[in-house]
Amino acid sequence: MKILICLLYLLPAFAFAAPHKGRESVTSYSVTYKKNTALKATQGEAVIKASADGSALSGRLKYGVNGSSKEMKLQPGGKFTLSLKPGKHVFQFWYDNNHEEIRTDSIVVKGGMSTIITLDFQNAMQEAEKPVIYFYPEKDLDVTATIVPTGEFIFTYPAYENGWKGIAHPDGSISISGKTYPYLFWEATTTTGNPFSTLAGFYVTKENVTAFLEEKLTAIGLTAKEQTDFITYWGPRLASHERCAVHFLLNSDCTVFAELSVAPAPDHLNRVYIAWIPVNDLATPDLAEQKLQFLDRSGFDVLEWGGSELPVTNLFFEQTSTLKP
Amino acid sequence: MKKLFLFLLAALPVFVNAANELPDRMPPYVVRYEEGSFQKDSGMVTIECGLFSYQQVLQSFQYGINGSSETVMVGPKDEVNLPLAPKKYTFDFYYNSNYLEIFTDSIEVKPGMRTVISLYFEPVDRPINVKKPVIYLYPETTSEVTVSVQPVGELTFTYPAYNNGWQVTAQSNGDLSVNGKTYPYLFWESEQPQMEPFRDGKATVVSRENIVAFLEEKLTKLGLNEREQTDFITFWGPQLAANSRSVVKFMINEECDAFATLNISPKPAHVNRVYLLWCSAETEMSLENLTEQVLPVLNRDGFDVLEWGGSEIRFMQTYEANTGQ
């Protein structure tokens, strides 16, 4: 039953982190108890068993108990044991950037028993969503665009076959195999690390989403059409939460999502990604206002925008601990 | 156990605020494994169940394993134990017509372990989101146009801002300007009560691989231009492609009054509306009695308005019941 408790308590965390496209969510930890005659009634212990993808982890695991910040070398089987007083404790665990942090709700450590906390670290794969690419050659131009995502393609339009090859028009559209598209579209899984590690960005409340995006996208230099496409995609997503943390990635920052190359080389290859975390009423660290660059859009210019919703955990582990290797 | 369970239900609102503000994507089931003292060659499946409404505890529910059909009484522990030989199974669970049926992917029953499946039956009357209706206006000459939307539900997002209507300067190429800013289209979203568009059995099952080709074919037949098709396909395509199969149907023109009515002055020669209604259809569902929809060719002569949108419907039972399955 304790396990069910943990599970239900965990649900909101899933719900916020859960991607919108129906990928499956699974529990990331469970708790069981075992009598331990080596312990007195006033002594308790937590036995941590850490695994990912069904295999025990090795190496070092960062953890916190009730807000503390420590690191432990894992024993064979991904185990380590902590002596703890009986009572309620809150744990957090972090293995590496490729796995999502695990934060537990209050777990009861019982006297005279081993409290076994089994961790199942989930891959921290996110999706690079809706990247769209507009081409603005000065006159009609044969172009080839190649994307190398850090993960795997999920969807492209039109079909991506080792690249897109077509005739780009000055209005931003591109003709491929006789059809004209207003932009090229791709989506892929990605590993983003933590774009908030520098603690630069913005908090945006529900009411201000549109005004905020208009202001920032204008400051970055997106056209009215690009802004509309961006805002009608991300606006409703952000506005479905009371408060979000937002960080923009520009140009070379965006290679964490994918490499984009265009031939012939444009004068300016401009990329704008939004990384955001729904934080709602959670305690959050202060973010310094992110300085945004005004993109140079002169000459033959290519503009790509996209983004990724990140799980709430990315921000918090960094904030609640200063655990750096 | 039961006491604890009730306690849990009472505790949930702390996280979700109110029953009608459930997070967007609560996973319908989660699976975890516990160590158990079972024989190495046997497995045990424990099914825990809950409802997302208060003070209701299941008395019994129906389940199927690899397509079988059984009814099981829920014991006093709010759980059901099924001994199953270790291998992979797919399950489905059904409580009553007020809750969505749950279909699982293949779940591995591991030898010597307890496989715990936690179920969360979701009410069917949750509102649906009417997504991304975008409106393009194509007057014959540059015109001042007023567009108003009366949604059946409540508007949740509009762009640009909607103040009892949009006052638009529309050009023949489709460019719109509102208060001096240019927009490619008008955008709104709403939330409204659940509906049952598949009741007449007129719909198509589309597999992931065929989604793009299917949408291109149907939208071309309806008469959407290349830009409209790209906007439509890059919005709905990835959402449909997240499912191995989807059931889809179109609602056309006045049928779309089920979502909103549009009032446009001066009156266009043609107001064309195309909505896509779709539902994820796991491969276990039998859907052979669907009949193909006959789609009209939209008349796009003269001052023409084109709106497209749609909604994910998460409820197929009505159709299943009608066909005696």
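Residues numbered from 1 in each chain as written. Chains lettered and ligands numbered in written order. Predicted model: local features only at pLDDT ≥ 70, side-chain atom pairs only at ≥ 80, totals over all residues.

Enquirer: Got a sec to walk through the overall build of chain A? Specific residues and values, please.
Expert: Scanning chain A from N- to C-terminus turns up four helices and 24 strands. Taking all 325 residues of chain A together, 44% fall into the buried category. The long-range fraction of contacts in chain A, counting pairs at least 24 apart against all pairs at least 6 apart in sequence, stands at 78%. (Helix = DSSP H or I, 4+ residues; strand = E, 2+ residues; numbered from the N terminus. Buried ≥ 20, exposed ≤ 12 C-beta atoms within 10 Å, placed from the backbone. Contact = placed C-beta atoms within 7 Å.)

Enquirer: Please give an account of the overall build of chain B that cites residues and values.
Expert: Looking only at helices and strands, chain B has four helices and 22 strands in total. The buried share of chain B, reckoned over its 325 residues, is 37%. If you take every contact in chain B between residues at least 6 apart in sequence, the share linking residues at least 24 apart comes to 78%.

Enquirer: Give a description of the packing of helix H2 (residues 209-220) of chain A against helix H3 (residues 224-239) of chain A that names residues and reports values.
Expert: Residue and element names in this part refer to chain A. Put simply, H2 and H3 touch, their axes get as near as 10 Å, and they point 145 degrees apart. You can see that H2 and H3 cross each other, and the crossing is right-handed. Contacts between H2 and H3 involve Val 209, Thr 210, Leu 213, Glu 214 and Leu 217 on the former and, on the latter, Gln 227, Phe 230, Ile 231, Trp 234, Gly 235, Leu 238 and Ala 239. In the contact of H2 with H3, the residues fall into eight nonpolar, three polar and one charged. (Axes fitted to C-alpha atoms, helices over the stretch in contact; angles between N-to-C directions. Left-handed = near helix turned anticlockwise from the far one by under 90°. Nonpolar A, V, L, I, M, F, W, Y, C, P; charged D, E, K, R; others polar.)

Enquirer: Outline unusual backbone geometry, supporting the account with residue identities and numerical values.
Expert: Residue Pro158(A) is reached from Tyr157(A) by a cis peptide bond, and omega for that bond is -5 degrees. Phi angles above zero are rare outside glycine, and Ser177(A) is one such case at about 50 degrees. Note that Ser177(A) resides in the loop between strand E16 (174-176) and strand E17 (179-181). Despite not being glycine, Lys132(B) shows a phi value in the positive range, around 50 degrees. Along the chain, Lys132(B) turns up in strand E11 (residues 128-138).

Enquirer: Which residues make up the packing of helix H2 (residues 211-222) of chain B against helix H3 (residues 226-241) of chain B, and what are the values?
Expert: All names here are of chain B. The contact between H2 and H3 brings their axes to 10 Å, and the two run at 145 degrees. In the packing of H2 onto H3, the handedness of the crossing is right-handed. Along the contact surface, H2 presents Ile 211, Val 212, Leu 215, Glu 216 and Leu 219, while H3 presents Gln 229, Phe 232, Ile 233, Trp 236, Gly 237, Leu 240 and Ala 241.

Enquirer: Summarise the sheet that holds strand E12 (residues 143-151) of chain B; cite the residues concerned and give the values.
Expert: Residues and elements named next belong to chain B. Taken in spatial order, the five strands line up as E16-E15-E14-E12-E20 in an open sheet, and their pairing is antiparallel. Each edge of the sheet is formed by a strand with only one pairing partner; in this case those strands are strand E16 (181-183) and strand E20 (260-265). Each strand of the sheet is rotated relative to its neighbour by a mean of 35 degrees, with strand direction disregarded. Bridge analysis of strand E15 (residues 176-178) against E16 gives three bridges, and the strand direction is antiparallel. The residue bridging Val 178 from the neighbouring strand is Lys 181, located in E16. (Pairing = 2+ DSSP bridges.)

Enquirer: Account for the environment of Met113(A), naming residues and giving values.
Expert: Residues and elements named next belong to chain A. Checked against the element boundaries, Met 113 lands in strand E11 (residues 113-121). Taking the C-beta count within 10 Å as the criterion, Met 113 has 20 such neighbours and is therefore assigned buried. Measuring from C-alpha to C-alpha, the distance between Met 113 and Gly 193 comes to 38 Å, with 80 residues separating the pair along the chain. Not counting chain neighbours up to four residues away, the residues in contact with Met 113 comprise Tyr 33, Lys 34, Lys 35, Asn 36 and Gly 44.

Enquirer: Talk me through the environment of Leu57(A); I want residue IDs and the actual numbers.
Expert: All names here are of chain A. If you trace the backbone, Leu 57 turns up in the loop between strand E3 (55-56) and strand E4 (60-65). Taking the C-beta count within 10 Å as the criterion, Leu 57 has 20 such neighbours and is therefore assigned buried. Each C-alpha atom, one on Leu 57 and one on Leu 74, is 7.5 Å from the other, the two residues being 17 residues apart in sequence. If we ignore the near neighbours within four places in the chain, the residues touching Leu 57 are Ala 50, Ser 51, Ala 52, Leu 74, Gly 78 and Tyr 95.

Enquirer: Run through the confidence of the model for chain B, naming residues and quoting values.
Expert: Residue and element names in this part refer to chain B. Across chain B, pLDDT averages 82, with 83% of residues at or above 70. pLDDT under 50 marks residues 52-56. Its contacts with residues more than four places away, or in other chains, come to ten contacts. Confidence over residues 317-325 falls short of pLDDT 50; this stretch has eleven contacts with residues more than four positions distant or in other chains. Of the two predicted TM-score estimates for the complex, the pTM is 0.72 and the ipTM is 0.72. (pLDDT = per-residue confidence, 0-100.)

Enquirer: Quick one: what's the story with the nonpolar core, residue by residue and with numbers?
Expert: Ranked by internal contacts, the top residues of the largest apolar core, which has 105 residues, are Leu184(A), Trp276(A) and Leu186(B). No other element matches the seven residues that E11(B) contributes to this core. Within the second largest apolar cluster, 19 residues are counted, among which are Val80(B), Tyr99(B), Ile102(B) and Ile117(B). (Core = buried A, V, L, I, M, F, W, Y, C linked by C-beta atoms within 7 Å.)

Enquirer: Please give an account of the sheet that holds E4(A) that cites residues and values.
Expert: Residues and elements named next belong to chain A. Reading across from one edge, E5-E4-E8-E9 is the order of the four strands in this open sheet, with antiparallel pairing throughout. Strands at the two margins of the open sheet, each flanked by one partner only, are strand E5 (70-73) and strand E9 (102-103). With four bridges connecting them, E4 and strand E8 (residues 91-94) associate as antiparallel partners. When the bridges of E8 are listed, Val 65 appears paired with Phe 91.

Enquirer: An account of H2(B) is requested, with residue identities and associated values reported.
Expert: All names here are of chain B. Taking 1.5 Å as the rise per residue, H2 with twelve residues should run 16 Å; its terminal C-alpha atoms sit 16 Å apart, in good agreement. The complete set of buried residues in H2 reads Ile 211, Leu 215, Glu 216, Lys 218, Leu 219 and Leu 222. Along its buried surface, H2 packs onto strand E18 (204-207), H3, strand E19 (245-252) and strand E21 (270-280). Of the residues flanking the end of H2, it is Gly 223, one or two places downstream, whose phi is positive at about 110 degrees. (Expected span 1.5 Å × (residues − 1).)

Enquirer: I'd like a description of the environment of Met72(A), backed by residues and values.
Expert: Residue and element names in this part refer to chain A. With respect to the helices and strands, Met 72 occurs in strand E5. Its 16 C-beta neighbours within 10 Å are what place Met 72 among the partly exposed residues. With 133 residues separating them in the primary sequence, Met 72 and Thr 205 have C-alpha atoms 38 Å apart. Look past the residues within four positions of Met 72 in its chain and what remains in contact with it is Arg 60, Leu 61, Tyr 63 and Phe 80.

Enquirer: Account for H2(A), with residues named and values stated.
Expert: The terminal C-alpha atoms of H2(A) lie 16 Å apart, and with twelve residues this matches the ideal 16 Å at 1.5 Å per residue to within 8%. Listed in full, the buried residues belonging to H2(A) are Val209(A), Thr210(A), Leu213(A), Glu214(A), Lys216(A), Leu217(A) and Ile220(A). Lining the buried residues of H2(A) we find strand E19 (200-205), H3, strand E20 (243-250) and strand E22 (268-278) of chain A together with strand E13 (154-159) of chain B. A positive phi of about 105 degrees marks Gly221(A), the residue just after H2(A).

Enquirer: Tell me about the pairing of strand E24 (residues 301-309) of chain A, and name the residues and values.
Expert: Residue and element names in this part refer to chain A. In terms of burial, E24 is a largely internal element, nine of the nine residues being buried. The two faces of E24 match: Asp 301, Leu 303, Trp 305, Gly 307 and Glu 309 on one face and Val 302, Glu 304, Gly 306 and Ser 308 on the other face are all buried. Where strand E12 (residues 126-136) and E24 come together, six bridges link them in antiparallel fashion. If you follow Glu 129 over to E24, its bridge partner there is Gly 307. Looking at chain direction, E22 and E24 are connected through nine bridges and run parallel. Bridge pairing links Leu 269 to Val 302 in E24.

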